[in-house]
Amino acid sequence: MDDKEARFEGRLDSVTVAEEEAGGRLDRVLAAHVTALSRTRLKALVLAGRVAIGGRTIRDPGHRVNVGDRLTVVVPPPEEAAPQAEAIPLAIVHEDDDLIVIDKPKGLVVHPAAGNRTGTLVNALIAHCGASLSGIGGVKRPGIVHRLDKDTTGLMVVAKNDRAHRGLAAQFADHGRSGPLERAYLAFAWGVPDRPRGTIDKPLGRHPQARERMTVRADGRTAVTHYDVLERYLGTDGAPVASLLLCRLMTGRTHQIRVHLASIGHPLLGDDVYGAGFRTKVTLLPEPARTALAGLGRQALHAHILGVEHPISGQHLVYRSELPADLDLLRKALRGTNQSAAR
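Residues numbered from 1 in each chain as written. Predicted model: local features only at pLDDT ≥ 70, side-chain atom pairs only at ≥ 80, totals over all residues. Heavy atoms only, no water.

> So what exactly am I meant to see when it comes to the environment of G68 here?
Relative to the helices and strands, G68 resides in the loop between β3 (56-57) and β4 (70-75). For the pair G68 and A22, spaced 46 residues apart in sequence, the C-alpha to C-alpha distance is 8.4 Å. With near-sequence residues (within four places) excluded, G68 lies in contact with T16 and V17. (Helix = DSSP H or I, 4+ residues; strand = E, 2+ residues; numbered from the N terminus. Contact = heavy atoms within 4.5 Å.)

Below, the structure written as structure tokens:
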């Protein structure tokens, strides 16, 4: 380690640029080698002045590298988490020395952000796990390898140490293409898709006008959702009005299921962001279902199945979470006497 590197604190990763990588972007070359960190995280480290070439700090993620360049990535040590520990009850499905699987309730934000500085899952995890929580996710996201929307319920896995974090992050980056990662959601949608099972393969990106929303766009990131129709529900007019779908994610984009289902004309019940145009269909629901939906106050989406390979032991772990009380009530109300079988 030279004098410049010695001045840095924290873990170091060094990469030497190969001939075939010459001329490539700095962030892409780093992402190909430092697989424990996402490209987004590496880009942030570059912008923060944590990446050097031959001891010279480079702050441009698009910097073109040369053959033989020695790239040094300085991953800062875990900082004392800015969020404070809060004794928020957690529904723990599994816990060991390396990871914790929780069943997230509705209304619980995963990590602190503007407008939600306290009362988050991270606050609860800091109180529950203490200093063991992985710091790779950064100050505001310790241990977090994936997330659920505030009002989406169900299963999440969190890393309790850095080694587990790297292993889990690699599985989520692979999206189950070559590994055992499995994520399946129960989704109540308006109407019934034409086919009992299908695949939605549409790229997603930020909405150009409403940046808090996602949308289908040609220049977006690849997004693939498989679905199966589990149940169909008839409306007061005798026609199909809603359905229960099992959605399996092959990618993990923000609001993926919500946007994908809306894009094929079957947005989620209760989704005021992507299904606002379907509000009038509420009048077609039987009265018990109208009441249940009115009391839901959120999109009808639940993370039902989570399968991962234990990052340390290699054991294949699969967990299931049944519908929470509010969605179970909705399901029973939709069923009534008018349910038709999916197959």
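Next comes the rest of the description.
> What's the story with the environment of L30 in this structure? I'm lost.
As for its placement among the helices and strands, L30 is situated in helix α2 (residues 26-33). Residue classification places L30 among the buried residues on the basis of a relative accessible area of 0%. Each C-alpha atom, one on L30 and one on P324, is 42 Å from the other, the two residues being 294 residues apart in sequence. (Buried < 20%, exposed > 50% of the residue type's maximum accessible area, 1.4 Å probe, protein only.)

> Where do I start with the side chain of T225 in this structure?
Structurally, T225 can be placed in strand β12 (residues 224-234). Within the structure, T225 has its side chain in polar contact with the side chain of Q256 (distance 2.8 Å). A distance of 2.8 Å separates polar atoms of two side chains, one belonging to T225 and the other to H260. Setting aside its immediate chain neighbours within four residues, T225 contacts G198, T199, I200, C247, R248, L249, Q256, I257 and H260. (Polar contact = N/O pair within 3.5 Å; in protein donor to acceptor, adjacent residues only side chain to side chain.)

> It is not clear to me how the nonpolar core should be interpreted in this structure. Could you clarify?
Soluble globular proteins tend to bury their nonpolar side chains together. Core analysis: the largest hydrophobic core is formed by 29 residues, its most contacted members being L121, L125, I144, Y185, C247, I257 and L261. Looking at this core, the elements that each hand over two or more residues are β6 (99-104), α4 (121-129), β7 (153-159), β8 (182-190), β12, β13 (240-249), α6 (256-263) and β14 (301-309). Residue contributions to this core peak at five residues, all from α4. The residues contacting L125, other than those within four sequence positions of it, are L90, I100, G130, L133, I144 and V158. (Core = buried A, V, L, I, M, F, W, Y, C linked by side-chain atoms within 4.5 Å.)

> What's the story with unusual backbone geometry in this structure? I'm lost.
In this model, H255 sits at a positive phi of 60 degrees, which is unusual for a non-glycine residue. Following the sequence through the fold, H255 ends up in the loop between β13 and α6.

> Help me understand helix α7 (residues 287-296) in this model?
Side chains three or four residues apart in an α-helix point the same way, a direct result of the helix having 3.6 residues per turn. A289, A292, L293 and L296 are the residues of α7 that are buried. Looking straight down α7, one finds that the buried residues subtend no more than 95 degrees of arc, so they occupy a single side. In α7, those exposed residues whose orientation departs by more than 90 degrees from the buried face are A294 and G295. G297 lies just past α7 and shows a positive phi near 65 degrees. (Arc of directions from axis to C-beta.)

> Please clarify how the pattern of salt bridges should be interpreted in this entry.
Pairing between side chains becomes possible if they bear opposite charge and their charged atoms approach one another. Enumeration over the complete set of coordinates arrives at 15 salt bridges. Across the pair K106 and D326 runs a salt bridge, and its minimum N-O distance is 3.4 Å. Here D326 lies in helix α8 (residues 325-335) and K106 lies in the loop between β6 and α4, a separation of 220 residues in the sequence. Judged by its relative accessible area of 39%, K106 is partly exposed. A network of salt bridges, in which partner residues are shared, links R147, D149, R258 and D271. (Salt bridge = Lys/Arg side-chain N within 4 Å of Asp/Glu carboxyl O.)

> I tried to follow the confidence of the model for the chain on my own but got confused; where do I start?
Residues of the chain with pLDDT of at least 70 account for 92%, and the chain-wide mean is 88. Every residue in residues 1-10 is under pLDDT 50, and counting partners more than four places away or in other chains gives 14 contacts. (pLDDT = per-residue confidence, 0-100.)

> Sorry if this is basic, but what is going on with the packing of α7 against α8 here?
Any two packed helices are characterised by how steeply their axes cross, that is the angle between the axes, and by the distance between the axes. Interaxial distance between α7 and α8 falls to 8 Å at its minimum, and their mutual angle equals 160 degrees. Taken as axis vectors, α7 and α8 run roughly antiparallel relative to one another. Here α7 runs over α8; the crossing is left-handed. Residues P288, A289, A292, L293 and L296 of α7 pack against D326, L327, L329, L330, A333 and L334 of α8. Its residues assigned to classes, the contact of α7 with α8 comprises 10 nonpolar, no polar and one charged. (Axes fitted to C-alpha atoms, helices over the stretch in contact; angles between N-to-C directions. Parallel < 35°, antiparallel > 145°, perpendicular 65-115°, else oblique. Left-handed = near helix turned anticlockwise from the far one by under 90°. Nonpolar A, V, L, I, M, F, W, Y, C, P; charged D, E, K, R; others polar.)

> Is there a simple way to think about the pairing of β14 in this case?
Within a regular strand, the side chains alternate between the two sheet faces. In terms of burial, β14 is largely enclosed, as eight of its nine residues are buried. Where β7 and β14 come together, two bridges link them in parallel fashion. Pairing of G154 across the sheet is with A303, part of β14. Examined bridge by bridge, β8 and β14 share six bridges and lie antiparallel to one another. By the bridge assignment for β14, E182 is matched with G307. (Pairing = 2+ DSSP bridges.)

> Is there a simple way to think about the packing of α2 against helix α3 (residues 39-47) in this case?
Closest axis-to-axis distance for the α2/α3 pair is 9 Å, and the angle between their directions is 130 degrees. With respect to α3, the element α2 is oriented oblique. For the pair α2 and α3, the crossing hand works out as right-handed. The segment α2 lies against α3, with L26, D27, R28, L30 and A31 engaging R39, L42 and V46. Looking at the contact of α2 with α3 residue by residue, the class counts come to five nonpolar, no polar and three charged.

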